[in-house]
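# Coordinates in review
Spelled out, the chains give:
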Number of protein chains: 2
Amino acid sequence: MPYTAPAEINTEQYSQSFITHFENRKNIAGYSKVRNILRYHPDQIIAFENDPITHLYEIMTGTVKTYKMLNDGRRQITGFYTKGDVVGLPVDGRYFYTIEAITEASICCHSKIQMKRLMDSDPDFTLKIIKSAHDRLRDAHEQMISLGRKTPDERIAAFLLKCQKWATIQIPAQNFIISLPMSRMDIADYTGLRQETVCRIFSKFKRSGLITLLRSDQLILNDHRQLLKLANLSEDNSETIPRYH
Amino acid sequence: MPYTAPAEINTEQYSQSFITHFENRKNIAGYSKVRNILRYHPDQIIAFENDPITHLYEIMTGTVKTYKMLNDGRRQITGFYTKGDVVGLPVDGRYFYTIEAITEASICCHSKIQMKRLMDSDPDFTLKIIKSAHDRLRDAHEQMISLGRKTPDERIAAFLLKCQKWATIQIPAQNFIISLPMSRMDIADYTGLRQETVCRIFSKFKRSGLITLLRSDQLILNDHRQLLKLANLSEDNSETIPRYH
DNA sequence: CGCCTGCTTGATGACAATCAAGTTTAGTGG
DNA sequence: CCACTAAACTTGATTGTCATCAAGCAGGCG
């Protein structure tokens, strides 16, 4: 896959950034220097595994994935990220994952150096950075029990509920139609299954009325309660579940 | 399992703490107030999943594990920790894992409040906190590709190399004998296998000469090169591999 | 010594991976 | 607008592998 440099776009059209998002105010020392929004195309790579860490990335729009690969091509997707998610930490070291855009995505790239400087002057900001690390770590642990101990059905159920969560973030309120921006292969590489198995479970859930498949990338969750029960989620997702009508 | 409060022990006999460990100096404002070393017995629980976060824990001696459980008893061990490892972050929220001692362990408990206060006054200290979060996150991602995409043989190989790393930290230099403080069941719950499968792979590795089993909890790695190749580790572990004689 | 717990080995079966064949969808050009 | 192509998705048939069930073994401790 050829690497094409992402286009730098006008930052003025974006009202949000890492700092405003977390701080709910608009001006901080060094703000404009840090801010740097880039637009990425599907399948475009944002950062490579093992490259030195230079930035942390805040997703503004679109969906992004992180993954690790083995030398023989086996791949594990370690996370999907949408609006508001922050990938990376301002530390010296190398990325232990590749970051790749799934859809068109605008991403705010914060330089590590500037982040460090900002941390010195603003304790609240520092806490937000640590909070984002905590979020990533919670996700990772949830995924570990999924991969290590849950059945394929449970993993897919958990995945679907996660998708719903993202949907409610990107398109707040209403709308029960959930879009899956990622391919079946991506879902398989996230859940530790094969794409055929993912398909079969989707079909099974459809037959049992648990979900409705409008298209291969659009579905409706018909029975959240059942899905939640099946997913065996240990984290409390109740606050993000829209009410039934 | 009955919960018994850990014994508070004399802090004077310990020369190291989170701060001195990371900072290489001995006095920081609030230092003595933060410092609080407790001793835990095997199988004693240090913190429960879903309890509010009150402390972060720095392992001084012994081995500790974190795990998540499903309501039907399935368990995933998400990490093992030894001397120098830090578990937890100074954020508001709840532990998303249970922390339990495997061996006798002395643990420095740093109160979240004090940690936050310390972060305000010392940017270097803050960076160390973030670094420890980064380390935990790297481990988690490595474990995700292990659980999701590696074969049982590869997972055990990776696990054994990790054990060696811990051994070289706890007992620096020489000594090729590696002690496994955890049970077969623990290894199974860490690698996403069953204890019978773990046993079989141990036996297979033994038959092939890859390892020597002195006792069920003591072994020697006879062929690091082969083991590394088999483990398919994406992180660079070369610096922690002792030389052959 | 005998019991108990943890570890090891064996036999069998369930289930997801694999291999293979369709089917749908999206994109392209006449 | 439709024909054609390629890629993504879905379904089917078979196999291999790890979980399961079961039995034996070894070490630790009263």
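In case you missed it, the structure is sitting above this.
Residues numbered from 1 in each chain as written. Chains lettered and ligands numbered in written order. Predicted model: local features only at pLDDT ≥ 70, side-chain atom pairs only at ≥ 80, totals over all residues. Heavy atoms only, no water.

## Focus on the protein's contact with DNA strand C
- In the vicinity of DNA strand C, 14 residues are found, and the nearest of them are R194(A), T197(A), R184(B), C199(B) and S203(B).
- At 3.1 Å, a side-chain N or O of E196(A) approaches a base nitrogen of DNA strand C.
- Note that a base oxygen of DNA strand C is positioned 2.9 Å from one of the side-chain N or O atoms of R200(A).
- Secondary structure elements with two or more residues in the surface near DNA strand C: α7 (195-207) of chain A together with α7 (195-207) of chain B.
- When residues of the surface near DNA strand C are assigned to their parent elements, the largest contribution, four residues, is made by α7(B). (Near = heavy atom within 4 Å. Polar contact = N/O pair within 3.5 Å; in protein donor to acceptor, adjacent residues only side chain to side chain. Helix = DSSP H or I, 4+ residues; strand = E, 2+ residues; numbered from the N terminus.)

## Topic: the nonpolar core
- Ranked by size, the top nonpolar core spans 66 residues in total, and within it I107(A) and I107(B) carry the most contacts.
- Filtering out sequence-adjacent residues up to four positions away, I107(A) remains in contact with N36(A), I37(A), L38(A), Y40(A), I46(A), Y57(A), E58(A), I59(A), M60(A) and V64(A).
- Within the second largest apolar cluster, 32 residues are counted, among which are L193(B), F202(B), L210(B) and L221(B). (Core = buried A, V, L, I, M, F, W, Y, C linked by side-chain atoms within 4.5 Å. Buried < 20%, exposed > 50% of the residue type's maximum accessible area, 1.4 Å probe, protein only. Contact = heavy atoms within 4.5 Å.)

## With respect to the interface of chain B and chain A
- Counting residues at the interface gives 52 residues for chain B, matched by 52 residues for chain A.
- Taking both partners together, chain B and chain A bury about 4,400 Å²; carbon and sulfur atoms supply 70% of that area.
- Applying the counting criterion to the chain B and chain A interface returns six salt bridges.
- Residues R149(B) and D189(A) are paired through a salt bridge, measuring 2.9 Å at the closest nitrogen-oxygen approach.
- Broken down by secondary-structure element, the contributors of at least two residues to the side of chain B that touches chain A are β5 (64-69), β6 (75-81), α3 (112-121), α4 (123-149) and α6 (184-191) of chain B.
- With 20 residues, α4(B) is the largest single contributor of residues to the side of chain B that touches chain A.
- When grouped by side-chain class, the residues that make up the side of chain B that touches chain A number 21 nonpolar, 14 polar and 17 charged. (Buried area = accessible area lost by both parts, 1.4 Å probe. Salt bridge = Lys/Arg side-chain N within 4 Å of Asp/Glu carboxyl O. Nonpolar A, V, L, I, M, F, W, Y, C, P; charged D, E, K, R; others polar.)

## A few points about the protein's contact with DNA strand D
- In the vicinity of DNA strand D there are 14 residues, among which R184(A), C199(A), S203(A), R194(B) and T197(B) approach most closely.
- Of what DNA strand D places within 4 Å of the protein, 67% of the atoms are sugar or phosphate.
- Within the side chain of R184(A), an N or O atom sits 2.5 Å from a phosphate oxygen of DNA strand D.
- Within the side chain of R200(B), an N or O atom sits 2.9 Å from a base oxygen of DNA strand D.

## A closer look at the sheet that holds strand β5 (residues 64-69) of chain A
Residues and elements named next belong to chain A.
- With antiparallel pairing, four strands are arranged side by side in an open sheet as β3-β8-β5-β6. Strands with a single pairing partner mark the edges of an open sheet, and in this sheet they are β3 (45-47) and β6 (75-81). Each neighbouring strand pair of the sheet contributes to a mean axis angle of 30°, computed without reference to strand direction. (Pairing = 2+ DSSP bridges. Axes fitted to C-alpha atoms, helices over the stretch in contact; angles between N-to-C directions.)

## Thoughts on the relation of the copies chain B and chain A
- Superposing chain B onto chain A takes a rotation of 180° combined with a translation of 0.0 Å along the rotation axis, leaving an RMSD of 0.0 Å. Within this description, the copies of the chain are treated as partners about a two-fold rotation axis.
- Both copies contact each other with a shared surface, as 100% of the interface residues of chain B are interface residues in chain A too. (Least-squares fit on C-alpha atoms with pLDDT ≥ 70 in both.)

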